[in-house]
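A structural walkthrough
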Amino acid sequence: MAVWDLSVNVEELGEEAPPLKISVTSDLHIGGVILKIVEKTEIKKDWSDHALWWEQKQQWLLKPAWTLDKCGIHADARLYLTPQHKPLRLVLPNLLTLRLRVCFSSPVFRTVIGICKLLNIRHPEELSLLRPVEEKKKKKQKGDEEEVLLKNVINDCSVLMSIISRISPRGSIKYLSIYLSIYLSIYLCCSSVLRWLDSSRSLLQQGVKEGDKLILRFKYYSFHDLAPQFDAVRLTQLYEQAKWAILLEEIDCTEEEMMLFAALQYHIGKVSTTEQLVASCPAMDDLDSALQCLEVKMEAETSSVKPYSYLHRPKKQTLKKYKQFWFTFKDTSISYYKSKEESCKEPIQQMNLKGCEVAPDVSVAAQKFCIRLLIPEPEGMNEVYLRCDNEQQYSKWMAASRLASKGKTLADASYSSEVQSIQSFLAMQKTTPGNKTVQSDESINTHSLVSPRYQKKYKPKQLTPRILEAHQNVAQLSLTEAILKFLQIWQALPDFGLSYFVVRFKGCRKDEVLGIANNRLIRIDLSVEDVVKTWRYNTMRQWNVNWDIKQVAIEFNGNVNIAFSCVTADCKIVHEYIGGYIFMSTRSREQNDTLNEELFHKLTGGHEAL
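Residues numbered from 1 in each chain as written. Predicted model: local features only at pLDDT ≥ 70, side-chain atom pairs only at ≥ 80, totals over all residues. Heavy atoms only, no water.

The chain carries the name FERM domain containing kindlin 3 in an unreviewed UniProt entry, which gives Astyanax mexicanus as its organism. Taken directly from UniProt, the Sequence similarities (unreviewed entry) text for the chain runs: "Belongs to the kindlin family." (UniProt positions renumbered as here; feature names shortened; annotations may be inferred.)

Attention now moves to the overall build of the chain. When you go through the chain residue by residue, the secondary structure sums to 15 helices and 24 strands. Burial analysis of the chain (610 residues in total) assigns 49% to the buried set. Working note: accessible area of the chain is about 31600 Å², and carbon and sulfur atoms make up 50% of it. (Helix = DSSP H or I, 4+ residues; strand = E, 2+ residues; numbered from the N terminus. Buried < 20%, exposed > 50% of the residue type's maximum accessible area, 1.4 Å probe, protein only. Areas by Shrake-Rupley, 256 points an atom, 1.4 Å probe, with all protein chains shown as cover.)

As a further point, take helix α6 (residues 232-247). Count 3.6 residues to each turn of an α-helix, and residues three or four apart come out pointing the same way. Given a rise of 1.5 Å per residue, 16 residues ought to cover 22 Å, and the 23 Å separating the end C-alpha atoms of α6 matches this to within 8%. Most of α6 is tucked away: 12 of the 16 residues are buried. Burial in α6 covers these residues: R234, L235, Q237, L238, Y239, E240, Q241, A242, K243, A245, I246 and L247. Of the surrounding secondary structure, the elements contacted by the buried residues of α6 are β9 (213-218), α7 (255-271), α11 (452-457) and α13 (479-491). (Expected span 1.5 Å × (residues − 1). Contact = heavy atoms within 4.5 Å.)

Here we take up empty space enclosed by the protein. The final tally for this structure, using the stated rule, is one cavity of 30 Å³ or more. The calculated volume of the largest cavity comes to roughly 40 Å³. In terms of lining, the largest cavity is formed by F109, V112, E125, L127, S128, S199, Y220 and F600. Residue assignment for the lining of the largest cavity shows that the elements contributing at least two residues are α3 (108-119) and β8 (127-130). (1 Å grid on protein atoms, 1.4 Å probe; cavity = no way out; pocket = protein on both sides within 12 Å on 5 of 7 lines; lining within 4 Å. Points joined across faces, edges and corners; volume = space filled by probe spheres on them.)

Ordered by their spatial adjacency, seven strands build an open sheet running β21-β20-β19-β18-β24-β23-β22, and the pairing between neighbours is antiparallel. Among the strands making up the open sheet, the edge pair consists of β21 (530-536) and β22 (540-546). Strand-to-strand twist of the sheet, defined as the mean angle between neighbouring strand axes without regard to direction, takes the value 35°. When strand β20 (residues 520-525) meets β21, the two strands line up antiparallel, connected through six bridges. Within β21, the position partnered with D525 by the bridge is D530. Sheet strands in contact with helix α14 (residues 571-585) are β18 (499-505), β19 (512-516), β20, β22, β23 (551-556) and β24 (560-566), and its direction is about 155° off that of β22. (Pairing = 2+ DSSP bridges. Axes fitted to C-alpha atoms, helices over the stretch in contact; angles between N-to-C directions.)

Our focus in this paragraph is the nonpolar core. Counting residues in hydrophobic clusters, the biggest one holds 104 residues, and the most contacted among them are L129, L203, W490, I516, I554 and F564. A total of 10 residues in this core trace back to one element, the largest contributor, which is α7. Apart from the residues lying within four places of it in its own chain, the contact partners of W490 are Y221, F223, L238, A242, I246, I251, F261 and F496. By size, the runner-up hydrophobic cluster in this structure holds 30 residues, among which are F325, I334, Y336 and I375. (Core = buried A, V, L, I, M, F, W, Y, C linked by side-chain atoms within 4.5 Å.)

Pasting the structure below:
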């Protein structure tokens, strides 16, 4: 077989050093190539971590038994012998930057597993890496800086306006501020979504270099088996990510909820100087993992709720008018009647809440206890409001509605704890009547505890007493309990865990928004500013991607098919989100220590339907 020269750059020789030339044959295996290179360098060191990088193909040659001919390497190939593990600057959710040696040759999924093992974070499949926001180049002259900033603002606004005009061609000024505010929120969420690295490709394949900065974040909002005795680091970093999501207004919350979040942050900051995360605490009772071991059998008659409540069906440009009915809640359905006496007859209507969207509409101070339901129907989503008389009634109905949306009944073991959790949350928002003497704290930094919206709305001297008043309801919590309570309230927010993409559905002429959550997909029409359809993963039969036209197609039960192309992201990112959440749902307590990496890549890799 003919002998030919192969040029290889060796990192240890320096960037300016010429490539080494070795004589090879096409049947020489990759391991033999590396051995020849090492011998020619005459450098005595441990080369076991080194591998060949093929620059033109942007791929690692990691199979030492493969021959040059099998790899398709010829004399014109540009190869580099380089370490597989390199330094990387890693920004954690608490904004701490670490310098770690990580694997640049493995898929990002496996690299994250290695990082989490170093940091003692369980369930690394929930995290991933994303690129930091690109920093704008600054000019020396102040005027030049302002000019660059102005150009960036004008450019961003022009992009937004072009998309808005495609969403709504009406162009009326009165709609402009509405669309702009909605889209800005979506735009901020999409900007972070776009920066996620591909889990199936290596760092070097995605242009990451030695010493670059990447961000470690929880990507999938499906937190499996949270246990303080094992998850001190995981809980701390999850709390930090949740805190910054609220402070940066990546997720919306009410004013009362913001004051409670601020009070919990203030409390956590105080007790963290004297306490550490401990193994056991009463808040563990609220965790789903503890409830999976319970089994409660209830008779059908005892698994129904029967109070008078108020019903409202919203219509455009009308005030909310509620009508009183007698309601029963059985299994996953709500039925309502004109009165209690007529409950033995056929109901006026029965609504199955399985797969519906459930959102609170509550103000403890105003004694407002409403539940907003978006119930899926063939033609779209049916919006219904339920108004309860008091917090006890609200807690039971809210708990029942949340369980029903997941296909669970009132006989489920988690019903009682769900009711208690909601009541506990409402109690935290209560103010203490007659207690006007709230202990002041001059050192409290209100700007670090609330989002910019409330920094503009209130002065620090107005925020401080409100935060301290809310703090009275959480002051007795331990550090572990406070962090778990913060996460619990965060996860109960209506928009929790949603990642947004601007897409165009097949057959539609306007762009819409697709929200991807841990258990469902939601379709948002910006022209009506609301959810118009929800699809649950447990009704999904299969999905695939047409990589030629960049279109995602999904089939659900009942012969329901949807297809869409992505406007603000590569369809691979959307595919990985959906496949990743399907993978998260396959985890079980019995398989805590084993991670099926092959299944993850099969679901997220992009070329096969489920």
